[in-house]
Amino acid sequence: MVPKRYRSVILVTALIITAVAILSYNLRQPERGGFFRMLVLEAAAPLQRGINASVDGLSDAWRRYIFLIGLQEENRRLEEKISRLTQELIRYREGYLEGLRLRKLLEMKERIHHRTVTARVIDRNPGAIFKTLVIDRGSSQGVRTGLPVVSDQGLVGKVIETSFYVSRVLLIIDETSNIDVLVQGSRAQAILQGAGAAGCILKYVPKIETVQAGDPVITSGLSGIFDKGLLIGTVKSINRGESSLFHKIEVSPAVNFAKLEEVLVILPGREGMQ
Amino acid sequence: MIFYLLLPVFSIFLIVFQTTIPGILFFDKITIELSLILVIYAGFHMGALKGGLLCFVLGFTQDCLTGAVSGFYVLQYILIFTLSLVVSTKVYAAKVPFIMGFTMLCALLEGWMIAALYLFINGMNVLPAVMYVIVPQALLLAVLSPPLFHVLHWIEVTLSHVANTRPAQ
């Protein structure tokens, strides 16, 4: 009789030997099979089928739930990305448009042959009684009252007030603005007065002058404030009334004051002079 | 006697369960080898005959249902069972950190044995690939082992109580 204390050792050793024997026997067999193996597979099949059928719905729901969580997270991430890219795009587009405007201003600057200061419009008040705008350049940059202000489209107005770093510009459409001008086609000299929202009107154009709608109106250079030849606008309409000695002429300003963002202040003295 | 009769059915049920349910929960990324915890428990709390037979049947079922060569898991389970049996004679295996540590060690040992057998049988070194599966599984099994030991102990006590009280009735 085997002592009890050795029974476990013998049993375990026998099991290990059996396992090694099964493994080595099956390693020599290229095909996996055998009665017991088939029995286990057959016995497990209904159980596997049953479990899989019952958990399939649960599995689908679980996968869908995990998928939806992922989708929601991805959706949130993509929305954030779209928002970030949209902001970036807006910044780039702004930069591009600013570049275009500044290029036009630069071209204008090259045509003027005067020293100029580029300024950004920081406030405009189109509904106010006085048609003015505020620019971010002042006396510290050489801006003085009375200096003309132009944009790439034409004459904007003149500086009426300056501070160290800020100036106020009186627009040519302000009722108090009067500029000596020429109608380019007929060379008729006149005074251009602001007319608020209506634009400007030309005063003192004798009826003997032949003025056509669409004729450009430019500065005459006689007042000493504005150089000759700065574009102001075009003739919009002419009223040839019988009773008066002069034409009643409406002028459309060349500048769109509502959309002005950058302007040039023309400084006294030629370019290259201090 | 009922233990030996129910053993094959229980083994099939356990292996089918452990290959199906965790696969759904973890998208087949991690398997939870509950049978390994049962093998370790058998080494600590069951006798050589009962435990050895349980490991043999569990290993064989695992071989059949996972498509491994017959004897592949049988050998591993019996070796781990033997290790647990030997350790149980030296250490009082009831403390949670010990159960967790030992389970983790056995899971890593099993992974190493799988890689070694693969190398021996197929001449392929699958250890680096196996590590990605074995290490998380070892950690998971280590966490699960104390509550499962508790449940298995409760089942064992209940079954023995039922077996002892039946003749009296």
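Residue positions within a chain follow its written sequence, with the count starting from 1. Chain letters start at A and ligand numbers start at 1, both assigned in the order the entries are written. Predicted model: local features are reported for residues with pLDDT of at least 70 only, side-chain atom pairs are reported and counted for 80 or more only, and whole-chain, interface and lining totals are derived from all residues. Neither water nor hydrogens contribute to the side-chain values; these are computed over all heavy atoms in the structure.

1. As for the overall build of chain A
Item 1. Elements are defined by DSSP. Helices are runs of H or I of four residues or more, strands are runs of E of two residues or more, and each kind is numbered from the N terminus. Across its full length, chain A holds two helices and 12 strands.
Item 2. When the helices and strands of chain A are read in sequence order from the N terminus, they spell out α-α-β-β-β-β-β-β-β-β-β-β-β-β.
Item 3. A principal-axis box enclosing the C-alpha atoms of chain A has dimensions of 145 × 50 × 35 Å.
Item 4. Three labels apply to residues, based on accessible area from a 1.4 Å probe with only protein chains included: buried if under 20% of the type maximum, exposed if over 50%, partly exposed otherwise in between. Per-residue burial for chain A yields a buried fraction of 30% across its 274 residues.
Item 5. In chain A, 56% of the contacts between residues at least 6 apart in sequence involve partners at least 24 apart.
Item 6. Accessible surface, chain A as shown: approximately 17,200 Å² in total, 57% of it carbon and sulfur. By the convention used here, residues are in contact when the closest approach between their heavy atoms is within 4.5 Å. Areas reported here follow the Shrake-Rupley algorithm with a probe of radius 1.4 Å; residue values treat only the protein chains shown as occluding.

2. So, the side chain of A:Thr116
Residue and element names in this part refer to chain A.
Item 1. Inspection of the secondary structure puts Thr116 in strand β1 (residues 114-124).
Item 2. Here Thr116 falls in the buried class, since its relative accessible area comes to 13%.
Item 3. With residues near it in sequence (within four places) discarded, Thr116 still touches Lys109, Leu264, Val265, Ile266 and Leu267.

3. Concerning the side chain of A:His247
All names here are of chain A.
Item 1. Here His247 is to be found in the loop between β10 (231-239) and β11 (248-253).
Item 2. Residue classification places His247 among the buried positions, given a relative accessible area of 4%.
Item 3. If we skip the residues at most four places from it in the chain, His247 touches Leu202, Val205, Pro206, Lys207, Glu209, Ile238, Asn239 and Arg240.

4. A word on the interface of chain B and chain A
Item 1. The partner chain A presents 28 residues to the 36 residues of chain B that form the contact.
Item 2. Here a salt bridge means any side-chain nitrogen of Lys or Arg lying within 4 Å of a carboxyl oxygen belonging to Asp or Glu. Linking chain B with chain A are zero salt bridges.
Item 3. Contacts described as polar in this section are N or O atom pairs within 3.5 Å, which, within protein, must combine one atom able to donate a hydrogen with one able to accept it, while residues neighboring in sequence count only if both atoms come from side chains. In this structure, the connection of chain B to chain A is made through zero residue pairs in polar contact (both at pLDDT 80 or more).
Item 4. Only α1 (2-25), α3 (48-66), α4 (72-90) and α5 (96-122) of chain B provide two or more residues apiece to the side of chain B that touches chain A.
Item 5. At 10 residues, α3(B) tops the list of elements feeding residues into the side of chain B that touches chain A.
Item 6. In this classification, the charged set is Asp, Glu, Lys and Arg, the nonpolar set is Ala, Val, Leu, Ile, Met, Phe, Trp, Tyr, Cys and Pro, and all remaining amino acids, among them Gly, are polar. A per-class count over the side of chain B that touches chain A returns 26 nonpolar, eight polar and two charged.

5. Thoughts on the nonpolar core
Item 1. Throughout this description, the term nonpolar core refers to a set of buried Ala, Val, Leu, Ile, Met, Phe, Trp, Tyr and Cys residues connected via side-chain atoms within 4.5 Å. B:Ile40 and B:Leu58 are the most contacted members of the largest nonpolar core, which totals 56 residues.
Item 2. If you list the elements that add at least two residues to this core, you get α1 (4-28) and α2 (35-112) of chain A together with α1, α2 (34-45), α3, α4, α5 and α6 (127-165) of chain B.
Item 3. Contact partners of B:Ile40, with chain neighbours within four places excluded, come to B:Ile80, B:Ser84, B:Phe102, B:Thr103, B:Cys106 and B:Phe149.

6. A few points about a nonpolar patch on the surface
Residue and element names in this part refer to chain B.
Item 1. Together, Met1, Tyr4, Leu5, Leu49 and Leu53 give the surface a local cluster of nonpolar side chains, amounting to about 530 Å² of exposed area.
Item 2. Sorting the residues of the nonpolar patch by element identifies α1 and α3 as the ones contributing at least two each.
Item 3. Here Leu49 shows up in helix α3. Patch building starts from residues that exceed 30% relative accessible area and form no salt bridge, then joins like charges within 9 Å and nonpolar side chains (Val, Leu, Ile, Met, Phe, Trp, Tyr) within 5 Å.

7. Re the domain arrangement of chain A
Residues and elements named next belong to chain A.
Item 1. What fixes the domain bounds is an automatic or database domain assignment. In terms of domain boundaries, chain A breaks down into domain 1 (36-112) and domain 2 (114-269).
Item 2. Both sides together, the interface formed by domain 1 and domain 2 hides about 1,100 Å², and carbon and sulfur atoms give 60% of it.
Item 3. A 1.4 Å probe defines the accessible area here, and the buried area is the portion of it lost by two parts on being joined, summed over both. Of all residues in domain 1, the largest losses of buried area upon contact with domain 2 belong to Arg101, Leu105 and Ile112, amounting jointly to 52% of the total for that side.
Item 4. Our count for the contact surface shared by domain 1 and domain 2 stands at three salt bridges.
Item 5. Among the salt bridges present, the one from Glu98 reaches Arg120, with a minimum N-O distance of 2.6 Å.
Item 6. Inspection of the domain 1/domain 2 interface yields three residue pairs in polar contact (both at pLDDT 80 or more).
Item 7. Class assignment of the residues belonging to the side of domain 1 that touches domain 2 gives a composition of four nonpolar, no polar and five charged.

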